[in-house]
Amino acid sequence: MTDRGTWGSRFGFVLAAAGSAVGLGNIWGFPTQVGQGGGAAFVLLYLACIVFICFPILIAELALGRRTQTDPVGAFRAVQPNSRWWMAGAIFVAAGVGILSFYAVIAGWTLAYIWFAATGAAGSSAEEIGAFFTEFTSSGPVNLFLTFVIMAVTGGVLLGGVRSGIERMTKLMMPMLIGLLLILAARAVTLPGAAEGLAYYLRPDFSRVFDIGTVNAALGQAFFSLSLGMGTMLVYGSYLTRREGIAKAALMVVGLDTAIALLAGFIIFPSGFSIPGFDPSASGPGLIFVVLPRLFATLPGGSLFGAAFFILLTMAALTSAVSLLEVPVAHCIDAHGWPRRKAVIVMTLGTFCLAAPSALANGASRFFSALPVVGMDFQTLMITMWNNFALPIGGFLTAVFVGYVWRIDKALEELLAEQAWFPGRQLWGVLIRYACPFAIVVILVYTVLSMIG
Ligand code: PHE
């Protein structure tokens, strides 16, 4: 009867969730963090965090969302009314706005680079490209304008009640993105100097594995990349029907997200090391914007590849931005009864205001780096605060809530509905109740101690 409809809804969720997960976190964030974290050591820690901490929590968050069918604050309330658990949901809502406030700025850069790549404006020698990036990101008004464009599009998409639009966009974009990444990786690993880059990316320096700063960064990056620990997956899970197996859907999302991040590393490090004197930790958030234009310059038809790449990256960033804004918007609608229009407009403008310092900070970083207590620029402050702390704390609260308040047997009832596939369910219960909360607390406590010590 409704064959096509059924098919659409079955893959619709995986597409929407993958659209949220795959974004700047994979292609901009992951290589940048690998560069700061000393290469393969970071990769190893990242994979461990994904498998043992984030994957189980993703399943928990999706189950909670599907069970309660509401926004994060409402979800905690629905399971445990008359308690303070709703505050966990409130952290989620705040994290959505906070993360989007720097995410939109970086998405603005990728938007501009469509044009720069097409026209070759960024230059062709490594020095030119680096200088171009610095100059471009120092221009406050331009960055503010680009951020505004990204926020306007994100808000516009959400106004239109867009789930089907996002699904369609993701379905088209994801295969093209993967195809293009594969071509670029094939080119990158055959460049002179690529072997050195591959060794950096794949051969761990074990002294870095025990560096608590690196562990914390890997944990934050894993949460961030999976859109986890702040309610996006909870809200998307609330759109799931009981016919879809959660564990299977989660596995597909984790697999796709991790594969795309790893692939990005296979592009950035070999091509980076083909540039004489390259230092992966030196360029910070500019890493991909400095390395990629060089790579495009070595390809026949490079400006075309470059433009196509940044178009796809901007689209991937938009599907993630939409999912970030969806959390506060869903909250205003579900908890405060606002009309969707009002919720979207207020949240879009609010996020834009919070994003302004991030957009301007690159130009005026002297103001922000000089802030006495913080001692880091505004964007770094945002990333540390939200990715490295708020998301793992959100994941911790989700694990504790599902493990001890909602309880594993109730959660399993939801997860196994309609005979869903879920091997390793016992192990999952153990990870959620013990391993995940414990690991997160240990990592965060050590990180705080090392920061103040
Ligand atoms: N996962 C997205 C990315 O990798 C970012 C994101 C984080 C989206 C948290 C939603 C929630 O780009």
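Our structure is the block above this text.
Residues numbered from 1 in each chain as written. Predicted model: local features only at pLDDT ≥ 70, side-chain atom pairs only at ≥ 80, totals over all residues. Heavy atoms only, no water.

Before going further, it helps to examine the site of the ligand. With respect to spatial proximity, 15 residues lie near the ligand, and among them A21, G25, Y103, F224 and S227 are the closest. Measuring from a nitrogen atom of the ligand, one finds a backbone N or O atom of F224 at 2.8 Å. Residue S225 places a main-chain N or O atom 3.1 Å away from a nitrogen atom belonging to the ligand. In isolation the ligand exposes 330 Å². Once the protein is present, 100% of that is buried. Of all the cavities here, the one that holds the ligand is the largest cavity. Here the residues of the shell around the ligand sort into 6 nonpolar, 9 polar and no charged. (Near = heavy atom within 4 Å. Polar contact = N/O pair within 3.5 Å; in protein donor to acceptor, adjacent residues only side chain to side chain. Areas by Shrake-Rupley, 256 points an atom, 1.4 Å probe, with all protein chains shown as cover. 1 Å grid on protein atoms, 1.4 Å probe; cavity = no way out; pocket = protein on both sides within 12 Å on 5 of 7 lines; lining within 4 Å. Sits in = over half its atoms within 2 Å of the grid points. Nonpolar A, V, L, I, M, F, W, Y, C, P; charged D, E, K, R; others polar.)

All told, the structure shown has 3 salt bridges when counted by the stated rule. Residue R66 pairs with E414 through a salt bridge whose shortest N-O separation is 2.8 Å. Of this pair, R66 sits in helix 3 (residues 40-68) while E414 is found in helix 18 (residues 378-415), placing the two residues 348 residues apart along the sequence. Each member of the pair, R66 as well as E414, carries the same accessibility label: buried. Look at the salt bridges and you will find they share partners, linking R66, R67 and E414 into a network. (Salt bridge = Lys/Arg side-chain N within 4 Å of Asp/Glu carboxyl O. Helix = DSSP H or I, 4+ residues; strand = E, 2+ residues; numbered from the N terminus. Buried < 20%, exposed > 50% of the residue type's maximum accessible area, 1.4 Å probe, protein only.)

A separate point is helix 9 (residues 194-202). Turning to helix 9, its buried residues number three or more, namely A194, G197, Y200 and Y201. With its buried residues spanning 120 degrees around the axis, helix 9 presents them on a single face. In helix 9, those exposed residues whose orientation departs by more than 90 degrees from the buried face are A195 and E196. (Arc of directions from axis to C-beta.)

Here the focus is the nonpolar core. Counting 156 residues, the largest nonpolar core has I27, I57, F223, L292, F309, F310 and W428 as its most contacted members. For this core, the element with the most residues is helix 5 (residues 86-119), which contributes 19 residues. (Core = buried A, V, L, I, M, F, W, Y, C linked by side-chain atoms within 4.5 Å.)

Here we take up unusual backbone geometry. Phi is positive for Q69, which is not a glycine, with a value near 55 degrees. Position of Q69 relative to the elements: it lies in the loop between helix 3 and helix 4 (72-79). Owing to a relative accessible area of 47%, Q69 belongs among the partly exposed residues under this scheme. Backbone geometry places Q419, a non-glycine residue, at a positive phi of 50 degrees. For Q419, the location among the structural elements is in the loop between helix 18 and helix 19 (425-452). Classification of Q419 by relative accessible area gives exposed; the value is 76%.

Quick look at the packing of aromatic side chains now. The geometry of an aromatic ring pair comes down to the distance between the two centres and the angle between the two planes. Summed over all chains, the structure comprises 30 aromatic pairs. Judged by centre distance (5.3 Å) and plane angle (85 degrees), the ring pair of W109 and F133 falls under edge-to-face. Within this pair, whereas W109 is found in helix 5, its partner F133 is found in helix 6 (residues 126-138), the two being separated by 24 residues in sequence. By the burial criterion, W109 is buried, and F133 matches it. When the ring of Y113 is compared with that of F136, the centres are 5.8 Å apart and the planes differ by 70 degrees; the resulting orientation is edge-to-face. Taken as a pair, Y113 in helix 5 and F136 in helix 6 lie far apart in primary sequence, 23 residues in all. This pair shows no difference in class: Y113 is buried, exactly as F136 is. Pairwise contacts between aromatic rings join W109, Y113, F116, F132, F133, F136, F289, F296, F309 and F310 into one cluster. Its guanidinium or amino end placed over the ring of W338, K342 lies 4.2 Å from that ring's centre, counting from NZ or CZ. (Phe/Tyr/Trp six-rings, centres within 6.5 Å; stacked < 30°, edge-to-face > 60°. Lys NZ or Arg CZ within 6 Å of the ring centre and 35° of its normal.)

Its place among the elements puts A330 in helix 15 (residues 302-336). Sequence spacing of A330 and P72 is 258 residues, and the spatial spacing of their C-alpha atoms is 8.5 Å. If we ignore the near neighbours within four places in the chain, the residues touching A330 are D71 and A335. (Contact = heavy atoms within 4.5 Å.)

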